[in-house]
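Below are the chains, spelled out letter by letter.
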Amino acid sequence: MSSDAGRARAAIRSPQEFFGYVPGDARKLPSWPQIVAYFRELADGSARLHFADLGPATEGQPFIAVTIAAAETIADLDGYREIQRRLADPRSTSPAEAEALIARGKTVVLLTCSIHSNEVGSTLMALSLAHALATGDDDQTRTILDNVILILVPSLNPDGWQIVHDWYTKTLGTPHEGTAPPTLYHTYTGHDNNRDWFMFTQVETRHAIAGIHHRWHPQIVFDQHQMGSEGARFFVPPYIDPYDPNVDPILQQEINQLGYAMVAELTSAGKEGVATAIIFDAFSPSRAYQHYHGGVRILSEAASCKICTPITIAKETLREARGFNPRVAAANHPLPWSGGEWTIADIVAYERIATLALLDNAAQGRERWLRNFYLVHKAAVEREGPYAFVIPATGRDPGATVEMLGALHFGGVEIERATAPFTAGGVRYEVGTYVIRLAQPYGAFAKTLLEIQTYPDLRLYPGGPPKPPYDITAQTLGLQFGVETAQIDHPFGADLRRIGADELTVPQAPSVGAPSGTALLGAEGNDSVRAINAILGGEAGAGTTVARLTAPWTIGETEHTPGTYVVRDFAATALVALAGRYGLRLTFAPDDAPAPQEQRLQMPRIGLYRSYKANAMDEGWTRFVLEEYAFPFTTVRDADLRQGDLLDRFDCLLLAHQPAREILDGNSAREYPAEYSGGIGERGASKLRRFVDAGGTLIALDAACELAIEHLYLPVTNILAGLKSEQFYAPGALFRIIVDPTHPLGWGFARDTAALYINGPAFEVRTAPGEREHPAIVAHYPHSNTLLSGWVLGPQHIAGKAAIVELPVGRGRAILFGFRPHFRAQMRGTYRLLFNAIYRSGLA
Ligand SMILES: [Zn+2]
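For clarity, every value in this text was computed on a predicted model and none was experimentally measured.

Undergrad: What exactly am I supposed to notice about helix H11 (residues 249-268) here?
TA: An α-helical turn contains 3.6 residues, so a residue and the one three or four places further along point in the same direction. In a regular helix each residue adds 1.5 Å, so 20 residues correspond to 28 Å; H11 covers 29 Å between its end C-alpha atoms and thus fits that length. Residues of H11 that are buried include every one of Leu 251, Glu 254, Ile 255, Asn 256, Leu 258, Gly 259, Met 262, Val 263 and Leu 266, and no others. Summarising the contacts, the buried residues of H11 are in contact with strand S5 (220-227), strand S6 (234-235), strand S7 (274-275), strand S8 (296-303), helix H12 (344-364) and helix H13 (366-381). By the N-cap criterion, in which a side-chain oxygen at the helix start approaches the backbone nitrogen of a residue two or three places on, H11 is capped by Asp 248, the distance to Ile 250 being 2.7 Å. Once H11 ends, the next one or two residues include Gly 270, with phi positive near 80°.

Undergrad: For this particular structure, what's the right way to read the pattern of salt bridges?
TA: It is possible for side chains of opposite charge to pair when their charged atoms get near one another. By the definition in use, this model includes 40 salt bridges. In this structure, Arg 824 and Asp 471 form a salt bridge, with 2.9 Å as the shortest nitrogen-oxygen distance. With Arg 824 in the loop between strand S36 (812-817) and helix H25 (831-840) and Asp 471 in the loop between helix H15 (443-450) and helix H16 (477-481), the pair connects residues that are 353 residues apart, well separated along the chain. Here Arg 824 and Asp 471 have matching classes, each one buried. Note that Arg 610 is salt-bridged to Glu 619, the shortest N-O span being 3.7 Å. Among the residues examined, Arg 610 registers a relative accessible area of 16% and is labelled buried. What emerges from the salt-bridge pattern is a single network uniting Asp 89, Arg 91, Glu 414 and Arg 498.

Undergrad: Looking at this structure, I do not really get the nonpolar core. What am I missing?
TA: Burial of nonpolar side chains together is a common tendency in soluble globular proteins. Ranked by internal contacts, the top residues of the largest apolar core, which has 146 residues, are Phe 39 and Ile 436. A per-element tally of this core places H12 first, with 11 residues. Contacts of Phe 39, omitting those with residues within four sequence positions, involve Phe 51, Ile 64, Val 66, Ala 126, Leu 127, Ala 130, Leu 152 and Pro 154. Counting 68 residues, the second largest nonpolar core, distinct from the first, contains Leu 521, Tyr 582, Leu 626 and Ala 825.

Undergrad: Please explain the coordination of the zinc ion as it appears in this structure.
TA: Geometrically, a metal with four donors at the corners of a regular tetrahedron has ideal angles of 109.5 degrees, and one with six donors at the corners of a regular octahedron has ideal angles of 90 or 180 degrees. Listed as protein donors to the zinc ion are His 116 (ND1), Glu 119 (OE), Glu 119 (OE) and His 225 (ND1); their distances from the metal cover 2.1 to 2.5 Å. Coordination geometry of the zinc ion: the 4 donor atoms subtend angles of 55 to 153° at the metal centre, consistent with an arrangement described as irregular. All donor residues of the zinc ion come from one chain, and their arrangement in sequence is H-x2-E-x105-H. Note that His 116 is positioned in the loop between strand S3 (107-112) and helix H7 (121-135) and His 225 in strand S5, a separation of 109 residues in sequence. Judged by its relative accessible area of 2%, His 116 falls in the buried class.

Undergrad: Please explain the layout of surface pockets as it appears in this structure.
TA: Empty space among the atoms can be located by rolling a probe the size of a water molecule over them. The computed volume of the second largest pocket comes to approximately 640 Å³. Those elements giving two or more residues to the lining of the second largest pocket turn out to be helix H14 (398-410), strand S18 (518-521), helix H17 (526-536), strand S21 (558-560) and strand S23 (586-589). Here the lining of the second largest pocket is built from residues that sort into 15 nonpolar, 14 polar and 6 charged.

Undergrad: It is not clear to me how the side chain of Asp 248 should be interpreted in this structure. Could you clarify?
TA: Secondary-structure assignment places Asp 248 in the loop between S6 and H11. The buried charged residue Asp 248 lacks any salt bridge partner; its closest oppositely charged side chain belongs to Arg 383, at an N-O distance of 7.8 Å. One polar contact links the side chain of Asp 248 to the main-chain amide nitrogen of Ile 250, over a distance of 2.7 Å. If we skip the residues at most four places from it in the chain, Asp 248 touches Val 376 and Ala 379.

Undergrad: Help me understand the sheet that holds S18 in this model?
TA: Pairing is antiparallel in the open sheet, where 5 strands are placed in the order S23-S18-S22-S19-S24. At either margin of the open sheet sits one strand with a lone partner, and together these are S23 and strand S24 (598-601). The mean angle between the axes of side-by-side strands here comes to 30°, regardless of whether they run parallel or antiparallel. Relative to S23, S18 runs antiparallel, the two being bridged by 4 bridges. Bridged to Ala 519 within S23 is Phe 588. Running at roughly 30° to strand S22 (residues 565-568), H17 makes contact with S18, strand S19 (545-549), S22 and S24 of the sheet.

Cut-offs applied
- Residues numbered from 1 in each chain as written.
- Predicted model: local features only at pLDDT ≥ 70, side-chain atom pairs only at ≥ 80, totals over all residues.
- Heavy atoms only, no water.
- Helix = DSSP H or I, 4+ residues; strand = E, 2+ residues; numbered from the N terminus.
- Expected span 1.5 Å × (residues − 1).
- Buried < 20%, exposed > 50% of the residue type's maximum accessible area, 1.4 Å probe, protein only.
- Contact = heavy atoms within 4.5 Å.
- Polar contact = N/O pair within 3.5 Å; in protein donor to acceptor, adjacent residues only side chain to side chain.
- Salt bridge = Lys/Arg side-chain N within 4 Å of Asp/Glu carboxyl O.
- Core = buried A, V, L, I, M, F, W, Y, C linked by side-chain atoms within 4.5 Å.
- Donors = N, O, S within 2.8 Å, 3.2 Å for Na, K, Ca; no water.
- Tetrahedral: all angles 85-135°; square planar, octahedral: opposite > 155°, others 65-115°.
- 1 Å grid on protein atoms, 1.4 Å probe; cavity = no way out; pocket = protein on both sides within 12 Å on 5 of 7 lines; lining within 4 Å.
- Points joined across faces, edges and corners; volume = space filled by probe spheres on them.
- Nonpolar A, V, L, I, M, F, W, Y, C, P; charged D, E, K, R; others polar.
- Lys, Arg positive; Asp, Glu negative; His and termini not counted.
- Pairing = 2+ DSSP bridges.
- Axes fitted to C-alpha atoms, helices over the stretch in contact; angles between N-to-C directions.

Keep in mind these numbers describe shape, not what the thing actually does.
Structure (structure tokens):
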């Protein structure tokens, strides 16, 4: 019997008493501060809860976690964390010791809600669930409390909750009720915020990893989502193929049994429309951190209503998608939904049944969960091959090497450095070379991120269209960062020393030449752009000037390539300190050296177009990267483009990846107030044309190229436009591109590099009569060996076609990228193509 429930029950208000309504009531949505206040009150009143504020989210809302267990467990959380830590490292925990720990331990379950902030059901459910666990005394509650430690994150995106709350309450009772807010619900990433689980660029991801995952090593992560309204009512695993082969088979089976445990409870409760094995695969580490850290990641997806506003759907209008028909009973969908009204209360009810079924399974199977957790880690530390990845410290861009290793280290990967030269795979490596041996607890995480992905050729039927992957099909970090990594399959001897995060710093590169009035800085690394932007911002002195070489310049024995930065009129101490911060080498040119060929570089006035569409994520990522690299820019809205006068305000306008139709049309005027609907329209498009004609630079990425091609009348064709998916399909793969390093957009690049390509345009350029200059193909896909990692069907269709083109238009120019050079703040190796394109309009 409970010793604490009686005291707790007296002190604790129910959500209804606290909020004045039951969470899940139609048209009721609490604010984030109210939610935080309720969890604080619960924790103050119950010894079964522990409240933690892990720090501010991006826009400052508190990111919180509530730990729920029996009061005796809560009183000894450190002790239970130690059990988890020891089970997670079988190198120092023998099987006999593990059995003793398993006898004492609890199953640790992390429940994460509403990372996608308009999917509000799970947060509402969590309020009532926490209250029930804090106050309940029935057998099931008792069993869960005694055997499970539940860490509840009421929202993985608290800023976004508040954005949705404010928009929903503002539009309640208007024609716009229930629409998505006309903005990204995460400042930078919007709906992509659950694609950050290996690069960890966002504050919220880092809170969750450092504050919860690495402290608790959960056996089960349950991540609750919502999907469209017209398919199944509810999805839980099994997942469909493919699984990333790096997910341990034990975890795959645990996922299946847990999914079926939830389906069974939902079906017993009469809940219709529950489907397994549809749509959602398990291939991408960006979405499933725990699959590589000893636990399972369970996804649930409820059909959405309109935030908290009910909808009505007739069964006949449910839609077949990706091979699943929600109207038809099937082995993976035994009880189709009858149709009718669908409410937030329905979503909360399904999610609550599923959560209790999961917690019950975690409790009843406590020993099995812990033993399997140990076994998965044991298999990881006993891995036989491949043996290691070897990463030289002195690559083309040492800053990128350190950034890449920093991401792996943050993800729990152990990194070593050689203290003496060694030979591996027939190649000799120097002292200081990084080595990641894969026989370690999170070796699977390192392996999936460092190896080349092979994705199976899956079709809807033989010879038919491809089955779309749920996310992209490649993540190979060495390609994404442009860092040399060598997979070594067999053991080799080397003197290695494990390093910590504080040792992941760029090596210092001493200056060359006697200090003089002219300093050269290479353009091969991203950090050179950080330094140049700091210099342009006055950090090396107010009068400092920057130019870029337009032809090779030989000083002493060294030929400095086109694109090299030439810095003059600097304060020497400040410049040397700045170079030192990033480990960049300065070369001082003798004052009597012949004058180089160069162009002055000034920071252009940059405009970044931002749509009111809720799903325009690439703009958010672009904004994030520009801020990271200290590019000053102005956000440009539909009205600015329609107004015109663009050349008075900007040298360069940037259209991030977004379908042309969405840029032109924006949100529907039926759904949104006038200020958030309508897009740039034909008028905005003609103002863009005038901007470029008069001398501006327009940069368009991926799908936005179509707008530039059609409305600037560019002599370019997207040669992939008419192809069916069974002819050409590349839903996210790493492709080789051949870059022209003599063109200002290719300055600082090696001749070939990797680009992340997602079914974007590929260009064929025609000659335009009457233009002063010819179009330039800055990068193209090779005629063979295009695919570096991931999946492509019909690569011959893109062979030899242009990936980046620069076209003169009137007195200005258009620059088209057929891929996204800074995709999800991951593609560090192609950031500088975008940066070069921006600088292009600042060269004179
Ligand atoms: Zn979602």
